[in-house]
Structure formats: C-alpha cells, structure tokens
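Given next are the chains, with one letter for each unit.
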Amino acid sequence: MRTRLPVIVGLLVLTGAVVAIAQRPVAQVGPQPDGSVLVTTNQVVKPVGLVRTTEGVRPKDMALSPDGKTVAVLTTTKVFLYTSAGEQLADLALRPGPLGLAWAPDGTALYTSGTGGQIYRVEQIQGKWSAKPTAVGLPGPMGTGKSRQPADPQVAGLVVSPDGKRLYAVAGIRNAVAVIALPELKVESMIPVGVAPYSLALSPDGTVLVSGNRGGRLQADDADAPTDYSAGSRVRIDPETDAALRGTLSFIDTETGRAREIDAGRQPAGMAFSADGATLYLANSDEDTLSEIDVAARTIKRSISVGRPQDPGFGQIPTDVSLGPDGQLYVSLGGANQVLVVQPKEMKPVGYIAAGWYPVAVVAGEGQLFVASSKGLGARTTATPGKMRVHGSTGTVQFISREQQMAALTASGAGDKPLEELQPRRGIKAVPIPERVGEPSLFKHVVYILKENHTYDMDLGDIPEGNGDPSLCIFGEQVTPNEHALAREFVLLDNTYTSGTNSADGHQWTGSAVANGYIEQNYSANARSYPYDGGDPLAYSPRGFLWNAAVKQGKSVRVYGEFVNRPKITPPAGARATWKLLWEDYRTGANQYQITAETDNAALQPLLHPRFIGFPMTVSDQWRADQYLADLRSWEASGKMPDLSIMLLPNNHAAGTSPGMPTPRAMTADNDLALGRIIEGLSRSRFWKETLVLVIEDDSQLGTDHVDGHRTVAFCASPYTKRGVKVSEPYNHLSVLRTMELVLGIPPMTRFDRNALPMTACFMDKANLTPYKHHPNRIALDEMNPAVQTLRGEARRLAEACSKLDWTDVDRAHAETVARAVWESARPGKPFPKHAYHAVSDDDDEE
C-alpha cells in the first residue's frame, strides 16, 4: 500500500527563500513508470484486463444483461452501456440514486434508480438507446423534528421478478421496499423493512426477496440504549464511537409480502444467491466480512474475514459480491482496490485480482469478470491532462477474461503491500516522530487544525521554489502572507494531498482515517445527509474518530468546532445574525451575540469547547482564534495543556460573490490571519518546546491544480520542524494522522493510517525555539462583495447567480457557479479555466 520513492529533501534558507541543495526524483500522485497509478491514499493501482474509463464520473453499480452480451454501468451522472468485449454502445445522462440497476428478464429494458422518487427506464427505440425518468409515486416524508425524513425517498437497490411483471425498489429513507407493477411503473405496495435499506437480492425462482439494511433495527432491549438519527430514523449506535452498531437483512416472501428481519454484520452491502437459492452470500462493508446465510433457516451459517492476517485493521470494505458460473465467489474490496476470489464450499479465500481505485461493483459472467471502480485512476482525465480539479475522477470498468484472471490472481494483490505494526522497543531515545507507536516523542502536545477547500496551486502556486503553477494561484502572498511565511520559515510541503474529495468524505478521512462504504456509495447522491459536520451515524467509521482513539489511550482532548452539527447563534432582540452585524459586534467588543456549540455525537460532546463553532461562516475566524487563545492563556496559568487539540478554521471556504458576505479573498485573508495568530500564540507559550502543530485542508474542491485535484495546502510547525526546507514526499491526510498517532502513542484506527507514510522528513533532532511572528492582513477583512447593481458583465451575472444559491448549509450552493464566481473575483475578465474544471452533478452540490 505504501510507496516509498526518492524525494527532494535537502534545502536551506538563503535571503528568506527556500532553496534546493540536492535534486532527486519526486514521487508524485498519478501515472508511474511501470504503468501503475499512485493515488492520493498512497495506494498503487494497476487494474488488469481491458480497462475502459468513465471520464469525470464515478461508477456506482453494474449489471450484466440476461444474455450476457451487454454490461450496464451506473455512474454519478450517466449510465454507460458496453458490449461484453468492452466496446462502448452508449452513455446516457441521468440523475441516479446511490445505486440501483436491474435488467428486465428478456433484456429489452434496463431500470435505474433516480433522484426525487424517480426510476429510469433505459431501452432501445429504433436502434438507439434512451433513458426516460418516471415518478413512481413513493410515499412522502414522515415524522417531525429530528425524526423528520427528507423529501427524497432515495431509490436505491433494484431487482426485477423472473416473470418481468414486478420491479422491486428500495426506498432507503422510507425504510421500505416498493413493489412496482411493470411496465407502467406504478407502486402496488410498500413493504416495511429495517433502517436504511440499500441493496436488494432476489432468489432465482423469485420467491425470496432480501434487503440489506445498513441501519439495522431497534430491538426490545434497546429502549435505554444509545441511539442517533439518520435521515429521520433512529439507529442503534456504539457509545464509544457514535457509529451505527449493527445491520440487518429483511427476508420478504414475495407472494405474501411478509418480512422477517435477522441481524447481519455492520452495514450490509452487496448480496448474491446461489444457483439453487438455498444460500445467500453477503458482504458486510463495515465489518470486513463475507457471510454465508442459510435462506430456509434465515440464519448466518458462518462469516469469514476478507482481509489477510498480515493486513489487520478496518478498511478492506467489501462492497459487492457475485457468484460466477464457475462456482467461485468474487468480492470487490473497495478499501483494498482488489477483487477477492473465494471458494464457496469451504468459504476459503483463493487469491486477489487487482482492480482500480475503490472497486464498487463486480459481476461474474461466463468466462469473464467485470469490475467497476468508483475512483478508478484518480482525479485526472485523458481528454484534458494537467490542471486537474478534485471532482475530475476517472472511473474504470474492467473486462477481464478467464485467462487474464488466472494470470492476475495473486496471494496479496498487485500494489498492496501492508506494513507490519511493530511493538515498541525499550530504552529508545525520544525523537520528534517515533518509529513505532508507544516509543517516546519529544512532543507532548499536538494541535491539529483543519481548513477548507483549497488546492496547493490556489494559494502557494506563486512560491517559485515549490512545484506550483502561478497561473492558477488566486490567493497568493498578498492574500495569504501567513501561509507563505509558514511555508518559508518551516517546511514547504508541495506534494501533499487530501485523501477524499469533498467535505462529506473529507471530514471522515481527516477524523477517522477512512471513508466507509456508505460515504463512498452516497457520493453525488446525498439525499440522506451530507455529513461534513457529523449528523449521520451511518457515515462514521466503526473504529471511531481520532478523539475517540485518543481518549481510549488516556489522552486529554479538546475539540474546537469539528462535528458541531448544532451550532447556535442568538442575536440580540430585533437583530439578525448576518456576517456584517456579527463582525461589528466582534470588532467593538459588544458581545451581544450568544454563540454555543453542540453536537449529536454523544461521545464527542464532553470534549467540545462550548462556544467554538465551525460553520456557519457568518462568524469571523478572528473570533474563533480568540476563543482558542483565551484557552491557551488559561493553560499558561494552570500549567496544563490538552495532549490533543482539534480545531476547525473554516472561513477560507468562502461564499462566492454572494451579496452580504465578504469577498473570497477577504474570507481567505481572515482565515490566514487567524492561523498566523494561533501559531504565534503557541510559539510564545510555555508549551511550545513540546508542541507540534499540523495544518491541512479537509478537501481541495474549490480550485484547480496542475499536478492533481487532490493536492492541497498543508503546514507543519514546531521547534523540531526543519527550517526553510522543501519536503516533497507524497503526504496526505493519513500521513498527518499517522504522525499524530506516533507522537501521542495512539494505535492506528484503520489499515490506511497504519500503512501511511509519517511526516518524518519534516523534522530535525535539535530544537529551534525561535517564535513565529504573525503577519498582519493586507486585505481588509470586511471587504464585502459588491452589490449586484454595481457590477457589469460576467461579474454581475455570477453575483446574481450566487445571490440565488442555497447558502443555508455547507456545499449546498451549486459547485461550478461558486468556482466561477471566486475565479472572476480574483481574476476579473480572465477566462475561467473550464478545461481544468470537472464538477459533479448539479443535484450533488458538494463542491
């Protein structure tokens, strides 16, 4: 999994600049000389067989036609049709759910999920494929308050009865399976099942229908058990991690409509019946297991791990399972970028076949294997290489012959070489970053700061010593003097990446070292939730978050703003909570606005600063910095500082050119100044000699980058951080987490942080206690977006568009509109780099 390649590390400071003194090849994300691809989780992928790419969209589901001649692949905005030999027949635009693809038994029609309760019928008309959406009339939302369900019922898994007269469709948010008459697509009945059904499987004779319910069920003895809500439904949770605790399967008699629910592993995903219908095979995505189920007895006979003994830790993430005509089971492992082959009689692993990045679906045909990988080859396209945006994913579809399968089958899988977690050694001298968890560190305190949405080129592309593209730099030194000073005075990290794509998965990667199968499946289909700030237990890793892991190790923890999904701003009587009014209240010291921070994550609540909120951006980052620096002063007085502080500084997210909000450069300058003030405060404190500060963006979705859309801004500051040195090792979110874990003696949370490359190259053994001095802002922090009527041309058009967007919560505003507005505000009159922009679908809006 981890690739150690030679990098540029030897530099020195001359006249304030970062200067290289030794040159060696740098390992960059993207294509490698051997034909493989290094992706931003520091995994190497080299999919085998004939590989077709889906430019700019991610595969989500796959289905093989009854005659075995046509492969359908559902993606985030299209359905692709291929011959079984890999020739593309069509690609049709649509707005799908998280999954859901099913052929009619005669192969004349294909059904796909749609948003807003729609289902698409895909068929050939006069020799040409077309997709027609139909609103099938699923019931509306139910409940009140926290139990209120979203309007979209979230159509997901689909199957068609053997006689072709009924379509069964999951209504995930309604916790039901719809029975729909064909061909008219009319709902006949709704069958209640467990919480959050996603996948469906139908026995070969059509008598037994099974739904996999990711949220499980509440049992009689759960009356006083900890629960939380997912899209209006209560879910039993793990009290230590706040994550969904169990999944279930609902077995439905298709004649009577009666359902019986049994417990399954955490978050059941893909399923497959045996040819005789007696056995059901189930992938448990949040448990890393494959289960064999006796259908008649409705019991789990046995479950096996899909990982290897030498690769422990959560993160294999089985997403789908298919039983081939050859009698073998094929299990796609989203986290391991492989397909596991299993001998079903003994439930014994046979070997692994290399897939693309995050295989999400697998189908075994006669002599062929088809694999669809969501992120495929990463954020790049073959049509427009260079200047990539993070949403420009190139998904892959593999067509693998029997001969290629046999040639590719290995004991471990290509490009995935897990590292052994070694026991700590006694008598080891303390160093900044220990080699093993449990060995002593010179640091006692870690401050972990998360920012929002910027690429490396966007902010630091103007630093000549780094691998930057000045043409893409829109928030250079005039806007971000502290970022530039931190990069020059400490280390310039010009090859660091976000592991995720947007705020929903980014805050999972930064907090838990993984984005689980639920998060990946819901990419571009966030009807249930957009859990950038928590609020959905199905989105959380079963191993919990960094704060859970730290508390478990006896570390003291303080969290500032992260996962505060219930922030509250109470204005004085008769006032509103606008940015301008809050800024005046802050600037004058009136303190008339009451701000409080709460979260639905019960295990997190005791660790939160009671007033520090992350979002909304109507609160200046200067106010947030003040809250932290006030705590720092109190720690100075008491002599005690938390072992781990986690902080969200969100305002560089910006609000486009929306009237009533500061300009994008003013919000970025606000964020930059707050960061500089916090690091200066720490560097002048009594704790500095034992403190490490690590800073990174949660995602890089707002801008473009000439290396990869995931490349981002990151900083490392401490007395033991090298000075004036460029570090070009391929770091990412996982590197940051692994570094903190090694410092604080926290075992890895998943296989991803266990195999991550720690940031050792950033440090030296001798301390330099010179404090950091923050740089004042050069842009007025209250520089407001101009009134629409004062603008002309493109600037006015975009300001008008921004004024109509949904700014009620993070990332609801249309992605491309915001990106264009930010570009126009920074580079007025210059063409927007559309060739470098690869947005997700409009209904996703998770820029």
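Shown above is the structure to which this text applies.
Anyway, here's the lowdown on the structure attached to this text. Because the structure is predicted, anything quoted here is derived from the model rather than measured. Starting from 1, residues in each chain are numbered consecutively following that chain's sequence as written. Totals for whole chains, interfaces and linings use all residues, but because this is a predicted model, local features are given only for residues with pLDDT of at least 70 and pairs of side-chain atoms are given and counted only at 80 or more. Computation of side-chain values: all heavy atoms of the structure, hydrogens and water removed.

1. Some words on the sheet that holds strand 37 (residues 445-451)
In a beta sheet, neighbouring strands pair by backbone hydrogen bonds and run either parallel or antiparallel. Quick note on the threshold: For two strands to pair, DSSP has to find at least two bridges joining them. Helix and strand labels come from DSSP, where a helix needs a run of H or I of at least four residues and a strand needs a run of E of at least two; each type is numbered from the N terminus. Only the contacting stretch of a helix is used when fitting its axis, a line to C-alpha atoms as for every element, and angles between N-to-C directions run 0 to 180 degrees. Note on definitions: a residue-residue contact is assigned when non-hydrogen atoms from the two residues lie within 4.5 Å.
Reading across from one edge, 43-40-44-37-45-47 is the order of the six strands in this open sheet, with mixed pairing throughout. The open sheet has two edge strands, strand 43 (608-613) and strand 47 (714-717), and neither has a second partner. Across the sheet, the axes of successive neighbouring strands diverge by a mean angle of 10°, strand direction being ignored. The pairing of strand 45 (residues 691-697) with strand 47 spans four bridges and is antiparallel. From the neighbouring strand, Val-693 faces strand 47, where its bridge partner is Ala-717. Those strands touched by helix 8 (residues 621-638) are strand 37, strand 40 (557-561), strand 43 and strand 44 (644-648), and its axis lies near 150° from that of strand 43. Of the strands in this sheet, strand 37, strand 44 and strand 45 are in contact with helix 10 (residues 733-744), which crosses strand 45 at around 165°.

2. What about the packing of aromatic side chains?
The test is simple: Pairing of aromatic side chains requires ring centres within 6.5 Å, counting the rings of Phe and Tyr and the six-membered ring of Trp. Pairs whose planes differ by under 30 degrees are stacked, by over 60 edge-to-face, and all others tilted. Throughout, exposure labels follow a simple rule: accessible area from a 1.4 Å probe, protein chains only, divided by the maximum for the residue type, with under 20% read as buried, over 50% as exposed, and the rest as partly exposed. Cation placement over rings: the criterion is NZ of Lys or CZ of Arg within 6 Å of the ring centroid and within 35° of the ring normal.
Overall, the coordinates contain 20 aromatic pairs when judged by the stated rule. With a centroid separation of 5.9 Å and 65° between ring planes, the pair formed by Phe-443 and Phe-763 is classed as edge-to-face. Here Phe-763 lies in the loop between helix 11 (751-754) and helix 12 (793-803) and Phe-443 lies in the loop between helix 1 (402-408) and strand 37, a separation of 320 residues in the sequence. The two residues Phe-443 and Phe-763 agree in class, both being buried. A ring pair is formed by Tyr-532 and Phe-615, whose centres lie 5.5 Å apart and whose planes are at 90°; its orientation type is edge-to-face. Remark: Phe-615 occurs in the loop between strand 43 and helix 8 and Tyr-532 occurs in the loop between helix 5 (517-521) and helix 6 (546-552); sequence separation between them is 83 residues. Of the two residues, Tyr-532 and Phe-615, both sit in the buried class. Three or more aromatic residues joined by ring pairs form one cluster here, namely Phe-80, Tyr-82, Phe-370 and Phe-399. Here the basic side chain of Arg-751 rests over the ring of Phe-752, its NZ or CZ set 5.7 Å away from the ring centre.

3. As for the environment of Ala-756
Along the chain, the position of Ala-756 falls in the loop between helix 11 and helix 12. Considered as a pair, Ala-756 and Val-713 are 43 residues apart in the sequence and their alpha carbons are 18 Å apart.

4. Looking at the pattern of salt bridges
Note on pairing: side chains with opposite charge can pair once their charged atoms come close. Selection rule: Salt bridges are counted wherever a side-chain nitrogen of Lys or Arg sits within 4 Å of a carboxyl oxygen of Asp or Glu.
Scanning the model with the defined rule gives 32 salt bridges in all. The closest approach of N and O atoms between Asp-311 and Arg-308, which form a salt bridge, is 3.4 Å. With its nearest N and O atoms 3.9 Å apart, the salt bridge here joins Asp-494 to Lys-726. In this pair, Asp-494 is assigned in the loop between strand 38 (491-493) and strand 39 (496-497) and Lys-726 in strand 48 (residues 725-727), connecting sequence segments 232 residues apart. For the pair formed by Asp-494 and Lys-726, the shared burial category is buried. Among the charged side chains, a network of salt bridges with common partners joins Arg-308, Asp-311, Arg-751 and Arg-754.

5. Brief notes about the sheet that holds strand 32 (residues 348-354)
Taken in spatial order, the four strands line up as 29-30-31-32 in an open sheet, and their pairing is antiparallel. Looking at strand neighbours, the two that pair on one side only are strand 29 (318-323) and strand 32, the edges of this open sheet. Direction aside, the axes of adjacent strands within the sheet are offset by 25° on average. Two strands pair when backbone bridges link them, and strand 30 (residues 329-333) and strand 31 (residues 338-343) are joined in this way by five bridges, in the antiparallel orientation.

6. Points about helix 7 (residues 579-588)
Quick reminder of the rule: Taken from the helix axis, the directions to the C-beta atoms give the arc we talk about.
Of the positions making up helix 7, those classed as buried are Trp-579, Leu-582, Trp-583 and Asp-585. One face of helix 7 carries all of its buried residues, which in axial projection span an arc of 160°. Facing away from the buried side of helix 7 by more than 90 degrees, the exposed set consists of Arg-587 and Thr-588. Each element contacted by the buried residues of helix 7 is listed here: strand 41 (568-570) and helix 8. One or two residues past the end of helix 7 sits Gly-589, with phi positive at roughly 75°.

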